[in-house]
Amino acid sequence: LRPIFDKFDVPSIDKVVEKKLKGDDIIYFGNFDFEREEIEFLDIQKIPRFTKQDIRQNNDVVLDTLKNFLSLHDHILINFDIDVFDSTLVSATGIPNNNGLLENHVFPQLHIIKSHKSKTIVLSELNPEKAGTAQSTDIAKSIILELLG
């Protein structure tokens, strides 16, 4: 994350990417296991983040924050790692999540995001080489269909 807010390690790349992100241009939802230094960096940049516990216990706050965030941006990029879901739903992924989120935790956010007028969607972490591909692919299709409305 540091390069998109500060500097790239390679000066020639840093010159090409003149405009850096501001902390209020990004928001995190879901599973993450940050190092202490990463948490400090996110705090300094004032990047909001919502854990799976936040989503499970205070989803109304999460949804309100998401609505506000979307209202401030003309275009959004959604990088959706499908391994946010519990392994009982999505097992065909790099690292199945034994304590992940369920559809009723995630789809309210997707429902709000789909109404945004301009978005780019990246769906990642689906691994068709692993067991459970059919069910995992069905979830991936549901995500895309929900986001595209």
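Data block above holds the structure.
Residues numbered from 1 in each chain as written. Predicted model: local features only at pLDDT ≥ 70, side-chain atom pairs only at ≥ 80, totals over all residues. Heavy atoms only, no water.

## Some points on the overall build of the chain
1) Next: Along its length, the chain carries seven helices and four strands.
2) Next: Ordering the α and β elements of the chain from the N terminus gives α-α-β-α-β-α-α-β-α-β-α.
3) Next: Relative to the 2.2 N^0.38 estimate, which gives 15 Å for 149 residues, the radius of gyration of the chain is 16 Å and therefore close to what a compact globule would have.
4) Next: Dimensions along the principal axes, computed over C-alpha positions, put the chain at roughly 45 × 35 × 30 Å.
5) Next: Buried residues in the chain amount to 33% of all 149 residues.
6) Next: For the chain, restricting intrachain contacts to residue pairs at least 6 apart in sequence, the fraction spanning at least 24 positions comes to 61%.
7) Next: Measuring between centres, the 17 positive side-chain charges of the chain sit 5 Å from its 24 negative side-chain charges. (Helix = DSSP H or I, 4+ residues; strand = E, 2+ residues; numbered from the N terminus. Rg over C-alpha atoms; globule rule 2.2 N^0.38 Å. Buried < 20%, exposed > 50% of the residue type's maximum accessible area, 1.4 Å probe, protein only. Contact = heavy atoms within 4.5 Å. Lys, Arg positive; Asp, Glu negative; His and termini not counted. Charge placed at Lys NZ, Arg CZ, Asp CG, Glu CD.)

## Brief notes about the environment of Asn 97
1) Next: Residue position: Asn 97 is located in the loop between strand E3 (76–81) and helix H6 (103–114).
2) Next: Considering only alpha carbons, one finds Asn 97 and Asp 33, 64 residues apart in sequence, at a separation of 12 Å.
3) Next: Look past the residues within four positions of Asn 97 in its chain and what remains in contact with it is Asn 31, Lys 52, Asp 83, Val 84, Phe 85, Asp 86 and Ser 87.
4) Next: Within the local environment of Asn 97, its side chain forms a polar contact with the backbone nitrogen of Asn 99, the two atoms lying 3.0 Å apart.
5) Next: At 3.1 Å, the side chain of Asn 97 and the backbone nitrogen of Gly 100 are in polar contact. (Polar contact = N/O pair within 3.5 Å; in protein donor to acceptor, adjacent residues only side chain to side chain.)

## Notes on the side chain of Ser 87
1) Next: Here Ser 87 lies in the loop between E3 and H6.
2) Next: Among the polar contacts made by the side chain of Ser 87, one reaches the side chain of Asn 98 at a distance of 3.1 Å.

## Quick look at the layout of surface pockets
Gaps left between atoms show up when a probe the size of a water molecule is rolled over them.
1) Next: Of the pockets and cavities examined, the largest pocket occupies roughly 1,100 Å³.
2) Next: Lining the largest pocket are 39 residues, and of these Ile 27, Tyr 28, Phe 29, Leu 77 and Asn 79 sit closest to its centre.
3) Next: At the level of secondary structure, the elements contributing two or more residues to the lining of the largest pocket comprise helix H1 (2–5), strand E1 (28–30), helix H3 (36–45), helix H5 (59–71), E3 and H6.
4) Next: Ranked by residues supplied to the lining of the largest pocket, first place goes to E3 with six residues. (1 Å grid on protein atoms, 1.4 Å probe; cavity = no way out; pocket = protein on both sides within 12 Å on 5 of 7 lines; lining within 4 Å. Points joined across faces, edges and corners; volume = space filled by probe spheres on them.)

## Some words on the packing of H5 against H6
1) Next: Viewed as axis vectors pointing N to C, H5 and H6 meet at an angle of 20 degrees, and their least axial separation amounts to 10 Å. Here H5 lies roughly parallel to H6, going by the angle between them. Note on packing geometry: the crossing formed by H5 with H6 is right-handed. Residues Asn 59, Val 62, Leu 63, Leu 66, Lys 67 and Leu 70 of H5 lie in contact with H6, whose contacting residues are His 105, Pro 108, Gln 109, Ile 112 and Ile 113.
2) Next: When its residues are assigned to classes, the contact of H5 with H6 shows seven nonpolar, three polar and one charged. (Axes fitted to C-alpha atoms, helices over the stretch in contact; angles between N-to-C directions. Parallel < 35°, antiparallel > 145°, perpendicular 65-115°, else oblique. Left-handed = near helix turned anticlockwise from the far one by under 90°. Nonpolar A, V, L, I, M, F, W, Y, C, P; charged D, E, K, R; others polar.)

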